[in-house]
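Each chain is listed here by its residues.
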Amino acid sequence: MNGVHDMGGMHGMGAVLPERDEPVFHHRWEGRVFALVRAMGAFGRWNIDASRHQRELIAAADQLRMSYYEKWLAGLTELLLRHSFISAEELASGRATPAPAKQSPALPAQKVPGLVTRGSPASRSASSPPRFRRGQRVRARNLNPTGHTRLPRYARGKIGAIDRVHGVFVFPDTNAHFRGEHPQHLYSVRFEARELWGDGAGPDDAVYIDLWEDYLDPA
Amino acid sequence: MNGVHDMGGMHGMGAVLPERDEPVFHHRWEGRVFALVRAMGAFGRWNIDASRHQRELIAAADQLRMSYYEKWLAGLTELLLRHSFISAEELASGRATPAPAKQSPALPAQKVPGLVTRGSPASRSASSPPRFRRGQRVRARNLNPTGHTRLPRYARGKIGAIDRVHGVFVFPDTNAHFRGEHPQHLYSVRFEARELWGDGAGPDDAVYIDLWEDYLDPA
Amino acid sequence: MKKHTPHHDGAQRLPSDPALQVMALESLLVEKGLVEQEALDALVDTYERRVGPRNGAKVVAKAWSDPAYKARLLDDCTAAIAELGFGGLQGEHMIAVENTPTVHNLVVCTLCSCYPYPILGLPPVWYKSPAYRSRAVIDPRGVLREFGLELSAHTQICVWDSTAELRYLVLPQRPAATEAMGEEQLASLVTRDAMIGVALVAVPQAGGA
Amino acid sequence: MKKHTPHHDGAQRLPSDPALQVMALESLLVEKGLVEQEALDALVDTYERRVGPRNGAKVVAKAWSDPAYKARLLDDCTAAIAELGFGGLQGEHMIAVENTPTVHNLVVCTLCSCYPYPILGLPPVWYKSPAYRSRAVIDPRGVLREFGLELSAHTQICVWDSTAELRYLVLPQRPAATEAMGEEQLASLVTRDAMIGVALVAVPQAGGA
């Protein structure tokens, strides 16, 4: 979707304000949100693309106003409701309604190190050779899906060159909507800054974007 | 500037909600803001492009949250301060500080009909022939100025055809910043919907955009 | 998501805040001799009572009734509406675009909310909303559907994005069964929404007007 | 019965609202047997104490000290950082990009805030801010200037937008006058910001470290 989350190239978002000696979490609740997202994600009922898309669906004005972990909390809450981990009544009351005991085993503490160390690789085995080769000129398609995509608006219609062929990866545009992983070749594409932004950009500068085969045409 | 005001093609802004028997103003203050903007604009210290740009400078999250007349109020207040009609102290206290009497004659009520009927034409006399002719293919430039522009992001880099040659008009990109009117030819350019949005768009649909000569290259 | 508004700037301030701010600003400007309240009253009155979509409806009805006027309207809209006494602020440069059996026109301003005041008055809230401004250009059929208007896939939709100081009037199609009607009666059929392009002019009910 | 004081609720709720919401959500999920608090504690502890930019600094110091390791890092970053025991969540697929006298690399995620957890920990607020995400790709020099870094116009800036599940580590240039330093001492020079690309690694002060 062409949402406000797709921020590359926007103006008017203020200055970058680094913080000295910034803590990992500014409030205890931020750490709890982070941990809840990981612990509930471990059930495997959704995936990272669905989780990102849920945050993209937050109303535009709220997305720009909310802090990072507020957005995580809002997205997690929606996912818990959608996937029936909790009901709206339970959320409102804060109490579990009497129900057939515990649904599923919770993530135990001793499994946390494994979860963190293992992660969830998004690479898949290749079933076909890559369509593009290193150095080849490609044009990013002018796609404007209303669902999830990882093709930023600022790259659409622009011409670049394949810089790296990464192998086969899960395709977010379908995976986010539980329509399958559709694994396909992923490339790092180098776009000259002037191709992206016009003559005002640095003549030698470039932006590298990781793009799936379905985002690209030969140019 | 590539701001959130440049909304063409965004998703996630909700449904269009028409209101039955909508009043011209929903609150008395909205009418007063509208009238104040017109009355203070009549001094000619700024222009419509500067006024629009002032509203574009409202922080992105606020722009999306604020109502139309709230944005007008915020923009007007900034313009009044910048052009020294009022001081920050006066704005804070709500009282005029003792000063060399009345600066300028206020717009009198009897001049309102003339103001409304006359308007402020933005056309200027031509000093050179138009660069493009009806039917000619043009490409909107990929400009990304940090200041005011009326070239929407969704049209940049796209190819269209000149539909109408409107004559010479004030150029907003300079006028908004008080860098002169730089009058130049203005065109209505027809862009096929599929050129703008890809294959998902209606095959016969089109968007017409009014674009100045400095926004266009031959294609 | 909507429930989650932790940083909302307070229930207390929101409703009355702009009203108080405007009142304070107006009284400051009056005190400084920069505005006259009667001029503000006159401006509000102009758009609350005098200038509105009835103006545009007269233009449309005349164009439907008088082929020579219609030709002038499509050729030089600004001059043609001036014949009826309309023009000025936010209508200094007008263009009329005609709906036909195969072409439907729709007007939007994606960058702000430009609107032809002299013939339609001030814009409704939905016209100024992010929802309309964002989607009219990328999904005009979806927007029209929300207005209850389902166009045939064969109808070409032309969206006019008012990026400059030109203001657009959609000249709707004259409905069937109106041959006997005079201009005044025809004008009563023409709605604001039809002149923006989010509606058609409905065929009048039998025995109607 | 206590007096009803609804107007106080708003003011009190505002700052602590997400904190209360999270507490309520956590206790609900615990009550339902869906989470164990000890697991949450362990997750928080992992990123507050165990995983952070010191990991990345060790990788960089080893690459500076050991040409064969550097070659492996640039060839297969994921495997090379695994040699030091790092990897996993949000670092499943790593790429190292090397700064040179003519090329400076900068990492951003314009669509969300992707970041290489195993070697840098969790991202700082500025990395997740709209300001950084919007401007890093269109105005990298302006962004670097806000970090106090003015690069020569001859330096080519390569911005890496992390749109996929690949995570980027900038391998900074080794500063001058560090020939005598061992890996541990070198690692102490390497900052998080240098590994994102918004800073250089400073030449150590004389007599320093």
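Just so we're clear, the structure is a prediction, and the values are computed from it rather than from any experiment. (Residues numbered from 1 in each chain as written. Chains lettered and ligands numbered in written order. Predicted model: local features only at pLDDT ≥ 70, side-chain atom pairs only at ≥ 80, totals over all residues. Heavy atoms only, no water.)

### So, the domain arrangement of chain A
All names here are of chain A.
Right, on to step 1. Taken domain by domain, chain A holds domain 1 (28-118) and domain 2 (123-218).
Right, on to step 2. Domain 1 and domain 2 are separated by 30 Å when their C-alpha centres are compared.
Right, on to step 3. The partner domain 2 presents nine residues to the 10 residues of domain 1 that form the contact.
Right, on to step 4. Counting the surface lost from both domain 1 and domain 2, the interface buries some 730 Å², and carbon and sulfur atoms represent 54% of this.
Right, on to step 5. Counting the contacts that link domain 1 with domain 2 gives zero salt bridges.
Right, on to step 6. Across the domain 1-domain 2 interface, the total number found is three residue pairs in polar contact (both at pLDDT 80 or more).
Right, on to step 7. It is helix α2 (residues 48-56) that contributes the most residues to the side of domain 1 that touches domain 2, five residues altogether.
Right, on to step 8. Grouping the constituent residues of the side of domain 1 that touches domain 2 by class yields two nonpolar, three polar and five charged. (Domains from an automatic or database assignment. Contact = heavy atoms within 4.5 Å. Buried area = accessible area lost by both parts, 1.4 Å probe. Salt bridge = Lys/Arg side-chain N within 4 Å of Asp/Glu carboxyl O. Polar contact = N/O pair within 3.5 Å; in protein donor to acceptor, adjacent residues only side chain to side chain. Helix = DSSP H or I, 4+ residues; strand = E, 2+ residues; numbered from the N terminus. Nonpolar A, V, L, I, M, F, W, Y, C, P; charged D, E, K, R; others polar.)

### Quick notes on empty space enclosed by the protein
The rolling of a water-molecule-sized probe over the atoms marks out the regions of remaining empty space.
Right, on to step 1. Under the definition given, this model contains four cavities of 30 Å³ or more.
Right, on to step 2. In this structure, the largest cavity occupies an estimated 280 Å³ of space.
Right, on to step 3. For the largest cavity, the lining is made up of 16 residues, of which A:Arg153, A:Tyr154, A:Lys158, B:Arg153 and B:Lys158 are closest to its centre.
Right, on to step 4. Listed by contribution, the elements that provide at least two residues to the lining of the largest cavity are α8 (193-197) of chain A together with α8 (193-197) of chain B.
Right, on to step 5. Its residues assigned to classes, the lining of the largest cavity comprises six nonpolar, four polar and six charged.
Right, on to step 6. What the second largest cavity holds in volume is close to 140 Å³.
Right, on to step 7. Around the second largest cavity, the lining comprises 13 residues; the ones closest to its centre are A:Asp6, A:Met10, A:Arg153, B:Met10 and B:Arg153. (1 Å grid on protein atoms, 1.4 Å probe; cavity = no way out; pocket = protein on both sides within 12 Å on 5 of 7 lines; lining within 4 Å. Points joined across faces, edges and corners; volume = space filled by probe spheres on them.)

### Brief notes about the confidence of the model for chain C
Residues and elements named next belong to chain C.
Right, on to step 1. Looking at chain C as a whole, its pLDDT mean stands at 91, while 90% of the residues score no less than 70.
Right, on to step 2. Low pLDDT, under 50, characterises residues 1-15; the predicted model gives this stretch 28 contacts beyond four residues in sequence or across chains.
Right, on to step 3. Interface confidence for the predicted complex, given as ipTM, is 0.94, next to a pTM of 0.93. (pLDDT = per-residue confidence, 0-100.)

### Regarding the side chain of A:Arg190
Right, on to step 1. The topology assignment puts A:Arg190 in strand β4 (residues 184-192).
Right, on to step 2. Side chain to side chain, A:Arg190 and A:Glu192 meet in a polar contact 2.7 Å long.
Right, on to step 3. Among all residues touching A:Arg190, those that are not within four sequence positions of it are A:Gly160, A:Ala161, A:Asp163, A:Asp204, A:Ala206, A:Val207, A:Tyr208, D:Gln156 and D:Cys158.

### Describing the packing of helix α1 (residues 28-41) of chain B against helix α4 (residues 68-82) of chain B
All names here are of chain B.
Right, on to step 1. Contact pair α1 / α4: the axes reach a minimum separation of 10 Å and the direction vectors enclose 35°. Here α1 and α4 pass one another in a crossing that is left-handed. Across from Trp29, Glu30, Val33, Phe34, Leu36, Val37, Arg38 and Met40 in α1, the residues of α4 making contact are Tyr69, Glu70, Trp72, Leu73, Leu76 and Leu80.
Right, on to step 2. The residue inventory of the contact of α1 with α4, partitioned by class, reads 11 nonpolar, no polar and three charged. (Axes fitted to C-alpha atoms, helices over the stretch in contact; angles between N-to-C directions. Left-handed = near helix turned anticlockwise from the far one by under 90°.)

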